[in-house]
Amino acid sequence: MIIYSGHMEENAQHSEGVAIMLSKEAQKTLIGWEPISARIIMAKFKTTNKRISLNIIQCYAPTNGAEDNIKEEFYQLLEETTRKCSSKDITILMGDLNAKVGSDNTGYEQVMGRHGLGEMNENGELFANHCANHNLVIGGTVFPHKNVIYI
């Protein structure tokens, strides 16, 4: 099963959008989902603990070079979507954030580790600030990565 949020052209072709693909097991635990925009979709799942749900927010952020108003609109929608998630639930924000958070976590110690790559860019700062506002951790920065050489 695929749940999708985005645009549909007249001939039923999808253009833009984000989706979440669910296994049969995941389908059984799906409580509901909400298409937010062509860049954000949210799904809620049951967990083994009846009082805690799992929220998945799948997104595709504008690139670092996008116009500021497009980025502001995206992060405003992401803010509204994240606020819908109960703080007692598990929330996973995933997708392509088009952000570099870098390895310097000064001021963001509660949000990220020191294992990011490069230096933080503007999108990285927007993303890190969003995570800090919602007690989310940027998982890709917590553990060291293996150096991979591409040939």
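Residues numbered from 1 in each chain as written. Predicted model: local features only at pLDDT ≥ 70, side-chain atom pairs only at ≥ 80, totals over all residues. Heavy atoms only, no water.

The name given to the chain in an unreviewed UniProt entry is Endonuclease/exonuclease/phosphatase domain-containing protein, and the organism recorded there is Mytilus edulis.

A. Seen up close, the overall build of the chain. Each helix and strand in the chain was counted, giving three helices and six strands. The linear arrangement of helices and strands in the chain, starting from the amino end, is β-β-α-β-β-β-α-β-α. Dimensions of the chain, computed from C-alpha atoms along their principal axes, come out at roughly 40 × 40 × 35 Å. When the accessible surface of the chain is split by element, carbon and sulfur atoms take 52% of a total near 9900 Å². Computed over 14 positive and 18 negative side-chain charges, the separation of the two mean positions in the chain equals 15 Å. (Helix = DSSP H or I, 4+ residues; strand = E, 2+ residues; numbered from the N terminus. Areas by Shrake-Rupley, 256 points an atom, 1.4 Å probe, with all protein chains shown as cover. Lys, Arg positive; Asp, Glu negative; His and termini not counted. Charge placed at Lys NZ, Arg CZ, Asp CG, Glu CD.)

B. Just the pairing of strand β3 (residues 30-35), in detail. Across five bridges, β3 lies against strand β4 (residues 40-46) in antiparallel orientation. Directly across from P35, in β4, lies its bridge partner I41. Turn length for the β3-β4 hairpin, with the two strands adjacent in sequence and antiparallel, is four residues. (Pairing = 2+ DSSP bridges.)

C. Structural view of the nonpolar core. Within the largest apolar cluster, 20 residues are counted, with the highest numbers of intra-cluster contacts made by I57, F74, L78, L93, F127 and I138. Looking at this core, the elements that each hand over two or more residues are β4, β5 (53-60), α2 (68-83) and α3 (122-133). Apart from the residues within four sequence positions on either side, F74 is in contact with R39, I40, C59, Y60, A61 and P62. Among the nonpolar cores identified, the runner-up in size contains nine residues, and L30, I41, A43 and I56 belong to it. (Core = buried A, V, L, I, M, F, W, Y, C linked by side-chain atoms within 4.5 Å. Buried < 20%, exposed > 50% of the residue type's maximum accessible area, 1.4 Å probe, protein only. Contact = heavy atoms within 4.5 Å.)

D. Up close: the environment of E16. Mapped onto the elements, E16 comes out in strand β2 (residues 14-21). A sequence separation of 44 residues divides E16 from Y60, and the C-alpha atoms of the two residues are 9.6 Å apart. Beyond its immediate stretch of four places on either side in the chain, E16 contacts Y4, G6, H7 and A38.

E. Expanded view of the pattern of salt bridges. Summed over all chains, the structure comprises five salt bridges. One salt bridge in this structure joins D89 and K44, with 3.6 Å as the shortest N-O distance. Of this pair, D89 sits in the loop between α2 and β6 (90-96) while K44 sits in strand β4, and the two are 45 residues apart along the sequence. When the shortest N-O distance is used, the salt bridge between E79 and R83 registers 3.2 Å. Residue E79 and its partner R83 are both found in helix α2; the two are separated by four residues, about one turn of the helix. E79 gets classed as buried once you look at its relative accessible area, which sits at 17%. Within this structure, K44, K88 and D89 form a network of salt bridges that share partners. (Salt bridge = Lys/Arg side-chain N within 4 Å of Asp/Glu carboxyl O.)

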